[in-house]
Amino acid sequence: MIELARVSKLYDGRPVVDDLSLTVPAGAFCVVLGPSGCGKSTTLRMINRLVPFDSGTIRVGGEDVRQIPPEILRRRIGYAIQSVGLFPHWRVEDNIATVPRLLNWPRTRVRDRVTELLELLRLDAATYRGKYPHQLSGGEQQRVGVARALAADPDLLLMDEPFAAVDPVTRAALQGEILRIQQATKKTILFVTHDIEEALRLATTIAILERGHLAQWGPPLDILEHPANAFVAGFVGGEAGGLKILALRTVSERLRPGEHADGEPLPSTASLRDALALMMARHVDRLPVVNPAGQPLGVITLADLVR
Amino acid sequence: MPRPWHLVTSPVLWVGLLFAALLLGMPRLAPAFHWAFPQVVPPVFDRGSFLSLWLSHAGLVVAASGMATVIGVGLAVFVTRPGGRDFRPIVNALATIGQTFPPAAVLALAVPAIGFGPRPTLVALFLYGLLPIVENAIAGLEGVPTAVRDAAEGMGLSAWQRLREVEMPLAMPAILAGVRVSVTIAIGTATIGSTVGALTLGTPIFDGLAGNKLPYVIQGAILVALFAILVDMVFARLQRRLHAGARNG
């Protein structure tokens with residue numbers, strides 16, 4: 001779906017992206033991971049030509065991005081950013097409808113698509129479509145941002161640290177949503193983050209960048225178990241390995257069906273690590289679990305985490 | 001639409017009625033002016049109707065402010081584009097000079113070049129009114145959040161589409177504030193056009209000053225002041241409505 005071949009970008013003579021070659025197959029959830037300043041956002045923004053690159057080639061869907069007019073290219077690619085950038089003077093409905101309208105979709109098709117996307121992002125269409133961005137919470141704004149990125153049904157989504165600005169609970173929920181959506185639609189997603197936990201949870205493949213170079217490329221378990229060099233090992237193994245496994249496994253793998261517990265439930269898509277954190281915050285050793293639709297599934301206990 | 005009793009208590013309505021009454025009915029106040037200034041004959045300025053003076057005055061303000069808005073906003077757009085960024089200091093300087101250079105001096109320089117009457121007045125008013133519009137428009141355009149501009153570009157809106165659909169609507173409150181200041185000032189400044197033969201509400205003022213007839217000065221000044229206040233209130237209403245429209249869910 002995306003091919004970067006020996007791409008470089010220099011800034012003031014210094015390489016920000018240095019001879020980078022990367023292939024993202026269609027249907028992959030590729031997370032580009034690395035510390036601040038490693039070039040990951042720049043790499044993403046070169047794909048939709050927001051940032052020009054100095055050498056190499058980038059192909060999207062087999063076509064050289066430089067051969068396509070930038071606006072045409074961008075209308076084919078979903079784009080979601082950390083601060084969302086919803087148009088404050090437009091309602092939710094009009095924000096989401098932006099690209100379909102640019103593509104001259106008929107009005108009824110646009111309206112139905114907005115309803116469909118709001119439902120997909122679990123926002124009640126009737127309530128939310130007429131609201132203005134300032135009336136939404138941070139999490140709701142980001143959901144609308146994702147809906148907007150998906151509006152014209154692009155095959156590729158570029159997401160630049162989209163969940164970095166929300167609280168951890170909302171972030172976990174949003175991560176669950178994007179995972180669910182990607183698995184259902186099989187879209188290709190290129191997702192930039194500096195958060196190793198997020199990368200481990202979401203990615204089918206991870207590309208780790210270090211100062212503009214590709215340090216390692218592979219599935220999450222590979223990166224954890226066979227780091228290519230000291231930098232990668234340090235970046236992913238900063239905490240004890242066991243905690244990372246906790247982050248990779250979900251509550252649904254370990255829950256006890258049918259049992260009950262008190263308190264605010266945890267989604268089954270949450271990680272074991274989230275469960276542990278919640279138990280510590282509430283001073284309990286068991287939590288109720290619900291499925292994505294909110295129906296009770298059972299319980300997860302402290303003992304289950306270390307089984 | 002405001003409900004009937006809101007209309008009745010609306011300050012704009014009352015100021016408007018007062019202005020219209022004085023504009024059309026100033027001659028009826030002759031006894032009052034005569035009582036206060038018995039040596040001035042006639043007590044009310046009569047070398048032209050206040051209505052026609054006001055129409056000419058308003059025409060000058062509308063024309064000059066219209067031009068200042070179009071060119072001022074145009075310049076602001078230009079210097080906030082990648083290609084025009086280098087010109088920003090020059091545009092700033094020109095607009096500032098336009099306002100610090102006294103309009104009277106502009107008139108003095110313009111008259112030998114383009115003659116008497118409305119034309120040099122328009123030039124002076126235009127230059128004088130440019131700065132508030134340019135500065136506010138630039139501030140408004142630069143105030144569009146970076147994330148909004150980035151999202152607009154990343155989604156595939158062309159430069160023109162971004163300007164028209166995103167930047168201009170978001171900059172509009174600031175631009176409107178600048179136009180409001182510019183127009184309100186222009187209403188007062190337009191009076192000096194009378195010194196070079198333009199017909200404005202300044203004509204009774206300067207007539208009165210020249211002939212030592214204070215009532216004429218008062219009559220002209222009150223009408224100019226009420227006109228400026230009325231226009232300012234209408235702009236304030238407009239700004240509130242724009243703000244309310246954008247904020248309503």
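Here, the structure is the one placed above.
The present account deals with the structure reproduced in this document. Numbers given for residues are sequential positions, taken from 1 along each chain in its written order. Throughout, the order in which chains and ligands are written sets their labels, letters from A for the former and numbers from 1 for the latter. In view of the model being predicted, local features appear only for residues whose pLDDT reaches at least 70, and side-chain atom pairs are presented and counted only at 80 or more, with totals across whole chains, interfaces and linings using the full set of residues.

What follows concerns the sheet that holds strand 6 (residues 77-81) of chain A. Residues and elements named next belong to chain A. Two strands make a pair as long as DSSP finds a minimum of two bridges between them. Each helix corresponds to a stretch of at least 4 residues labelled H or I by DSSP, and each strand to a stretch of at least 2 residues labelled E; elements are numbered beginning at the N terminus. Spatially, 6-7-8-3-9-10 is the arrangement adopted by the six strands of the open sheet, whose pairing is mixed. The open sheet has two free edges, formed respectively by strand 6 and strand 10 (213-218), since each of these has just one partner strand. Strand-to-strand twist in this sheet, taken as the mean axis angle between neighbours without regard to direction, amounts to 15 degrees. In this sheet, strand 9 (residues 205-210) lies alongside strand 3 (residues 29-33) in parallel orientation, the contact comprising four bridges. In the strand pairing of strand 9, L33 is matched with I208. By the convention adopted here, residues make contact when the C-beta atoms placed from their backbones lie within 7 Å. Angles run from 0 to 180 degrees between N-to-C directions of axes, and those axes are lines fitted to C-alpha atoms, restricted for helices to the stretch in contact. Where helix 7 (residues 138-150) meets the sheet, its contacts fall on strand 6 and strand 7 (156-160), and the angle it forms with strand 6 comes to roughly 165 degrees.

By convention in this section, buried Ala, Val, Leu, Ile, Met, Phe, Trp, Tyr and Cys residues joined through C-beta atoms within 7 Å make up a nonpolar core. Counting other C-beta atoms within 10 Å of a residue's C-beta gives its exposure: the residue is buried at 20 or more, exposed at 12 or fewer, and partly exposed in between, where C-beta atoms are placed from the backbone. C30(A), V31(A) and L190(A) are the most contacted members of the largest nonpolar core, which has 139 residues in total. Examining the composition of this core, we find that 14 residues originate from one element, helix 7 (residues 118-142) of chain B, more than from any other. Each of domain 1 (2-239) and domain 2 (249-305) of chain A contributes no fewer than three residues to this core. Not counting residues within four places of it along the chain, the set of residues in contact with L190(A) comprises I2(A), V24(A), C30(A), V32(A), L44(A), I47(A) and L158(A). Domains are outlined according to an automatic or database domain assignment.

Turning our eyes to something else, we now look at the interface of chain B and chain A. How big an interface is tends to be stated in terms of accessible area lost as the parts join. Each partner contributes residues to the interface: chain B has 15 residues there, and chain A has 20 residues. If you list the elements that add at least two residues to the side of chain B that touches chain A, you get helix 8 (146-155) and helix 9 (159-189) of chain B. If you tally residues by element for the side of chain B that touches chain A, the top one is helix 8 of chain B, at seven residues. In the side of chain B that touches chain A, the residues fall into nine nonpolar, four polar and two charged. All residues other than Ala, Val, Leu, Ile, Met, Phe, Trp, Tyr, Cys, Pro, Asp, Glu, Lys and Arg, Gly among them, are scored as polar; the first ten of these are nonpolar and the last four charged.

Residue and element names in this part refer to chain A. Taken in spatial order, the four strands of this open sheet run 11-14-13-12, and their pairing is mixed. What marks the edges here is a single partner per strand, and that holds for strand 11 (256-257) and strand 12 (266-267). Here two bridges tie strand 11 to strand 14 (residues 296-301), and the two strands are oriented antiparallel to one another. Bridge pairing in strand 14 links P257 to G298.

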